[in-house]
Structures are given as structure tokens and as C-alpha cells.
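So the chains spell out like this:
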Amino acid sequence: MKAQPDIAIRPTREEDFAAIEAISRHVYPNDEPWRANFLAAHREVFPEGQLVAEETATGRVAGMVASLIVAWDEYDHLESYMDFTAGGTFRNHDPAGRTLYGAEVMVDPSMRRRGIGSLLYQARRVLAEERGLLRIRAGARLPGYHRYADRMNIEEYVVKVVNDE
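Residues numbered from 1 in each chain as written. Predicted model: local features only at pLDDT ≥ 70, side-chain atom pairs only at ≥ 80, totals over all residues. Heavy atoms only, no water.

Asks: Any details on the environment of L119? Residues and values, ideally.
Replies: Looking at the secondary structure, you find L119 in helix 4 (residues 116-130). The spatial distance from the C-alpha of L119 to the C-alpha of A8 is 8.6 Å, given a sequence separation of 111 residues. (Helix = DSSP H or I, 4+ residues; strand = E, 2+ residues; numbered from the N terminus.)

Below, the structure is given as C-alpha cells:
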């Protein structure tokens, strides 16, 4: 899928918060959306890691990524998303760390299939390279898993989703 030339990746600004919250509500309708206080905290601790995809003709926010740097060796790979993100605040951002942790990536559902996610991931790769980081790791939400968590583990759920069950 080819990225559209009418999409620009730029740093997240405070005026983007409402659009990010709205996208979050659409992407994760059963979860708490990203709120301004968290988005502001992300920008405060690591502004370079907070990016949006903007439709240049309209100024509409089409998607976003949120990232922080962590000292990977200080975490067990089985720790939760909340551990890796200090409860979603990114207050554990460590500029001396060697791992870019991709805490979020979202594209407005009405704007998918335009290569926006690819542009956002590419921007994240460029950030990691510019900072000389060793790796990018990411956490992921599993929309809908909460409805099945009492009956199956995550691995079983993922297999069923992949198999369209």
C-alpha cells in the first residue's frame, strides 16, 4: 500500500489532544481513551517521541504514535504495559536507555488503508536511528480480550483472532 503524499508526520501539539482522544475512542471503544493529562505528560518527558500524522489539506489528525526510551535490561519481558509506561504517564522515560518503547500507534479507522500506519512506524524507526538506539520494542492492546480473559489465556485468544474465530 502506497502512502499518500497528503499526509505529514509532525510532533504532537497540545491542540491535537482532542483529536487523539476522539481517535482513541473509535479505535478502542471499550477502553479508556487517551486523555489530555496523559498526552501532556508524554510530551513533557519525551516530546520527540510523540508524533501525529496530519492530513495536510485539512489539518485533520489521522493517527499518532507515542513512544518513550527505556533501559530494557531493567524490565522483565513479561512485565505489563503499565510497568513499561509507568501507568501510562511515561514518567519512567530514560534518555540514557537504549530501547525505544512503542507504547501506542493508532490510525483513525476512517482513514485506514492509506499507508498512514507505515509512515508513523517509519518515523519511529528514524527516531531510533537518529538517537543511536539498539532496538524498538512495542506493547499492544488486544481489543476485546477483556470479554474472554476469564475463559482463555492471551495466546489462545490471539490464535482465535488470527483464525477469525
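Now that the structure has been shown, the text picks up again.
Asks: Before we move on, can you summarise the nonpolar core with the specific residues and values?
Replies: Of all hydrophobic cores here, the largest spans 19 residues; its most connected members are I20, L39, M64, L68, Y101 and M106. Only helix 1 (17-27), strand 3 (60-70) and strand 4 (99-107) provide two or more residues apiece to this core. Take this core: its biggest share by element is five residues, from strand 3. Aside from chain neighbours lying at most four places away, what touches L39 is F17, I20, W34 and M64. L51, A53, M111 and A123 belong to the second largest nonpolar core, which has 10 residues in total. (Core = buried A, V, L, I, M, F, W, Y, C linked by side-chain atoms within 4.5 Å. Buried < 20%, exposed > 50% of the residue type's maximum accessible area, 1.4 Å probe, protein only. Contact = heavy atoms within 4.5 Å.)

Asks: Kindly report on the pairing of strand 5 (residues 135-138), identifying the contributing residues and their values.
Replies: Bridge count for strand 4 against strand 5 is four bridges, and the pairing is parallel. Within the sheet, the bridge partner assigned to L100 lies in strand 5 and is I136. Regarding the hand of the β-α-β motif, the stretch spanning strand 4, helix 4 and strand 5 is right-handed. (Pairing = 2+ DSSP bridges. Right-handed = clockwise from strand over helix to strand, strands pointing away.)

Asks: Residue-level account of the environment of G115, with values.
Replies: Note on placement: G115 falls in the loop between strand 4 and helix 4. The spatial distance from the C-alpha of G115 to the C-alpha of L39 is 24 Å, given a sequence separation of 76 residues.

Asks: Explain the pattern of salt bridges to me, and be specific about the residues and the numbers.
Replies: By the definition in use, this model includes 12 salt bridges. Two residues, R10 and E54, come together in a salt bridge whose shortest N-O distance is 3.2 Å. Here R10 is found in strand 1 (residues 7-11), whereas its partner E54 is found in strand 2 (residues 50-55), with 44 residues between them in sequence. You can call E54 buried: its relative accessible area is 15%. (Salt bridge = Lys/Arg side-chain N within 4 Å of Asp/Glu carboxyl O.)

Asks: Quick one: what's the story with a nonpolar patch on the surface, residue by residue and with numbers?
Replies: A contiguous nonpolar surface patch, about 320 Å² in accessible area, is contributed by L142, I154, V158 and V162. Note that I154 resides in helix 5 (residues 154-162). (Patch = residues over 30% accessible without salt bridge, like charges linked within 9 Å, V, L, I, M, F, W, Y side chains within 5 Å. Areas by Shrake-Rupley, 256 points an atom, 1.4 Å probe, with all protein chains shown as cover.)

Asks: Give me the confidence of the model for the chain: which residues, what numbers.
Replies: Put simply, the chain has an average pLDDT of 87, and 91% of its residues get 70 or more. Model confidence for the chain, summarised as mean pLDDT per element, is weakest for helix 3 (residues 81-84) at 76 and strongest for strand 2 at 97. (pLDDT = per-residue confidence, 0-100.)

Asks: How would you summarise the side chain of D16 if you had to cite specific residues and measurements?
Replies: Within the element layout of this structure, D16 appears in the loop between strand 1 and helix 1. By relative accessible area, which is 4% here, D16 ends up buried. Once residues within four sequence positions are removed from consideration, D16 is found in contact with R10, P11, V52 and V61.

Asks: Give me unusual backbone geometry: which residues, what numbers.
Replies: The phi dihedral of F90 falls on the positive side, at around 70 degrees, and the residue is not glycine. By secondary structure assignment, the location of F90 is in the loop between helix 3 and strand 4. With relative accessibility at 0%, the residue F90 sits in the buried group.

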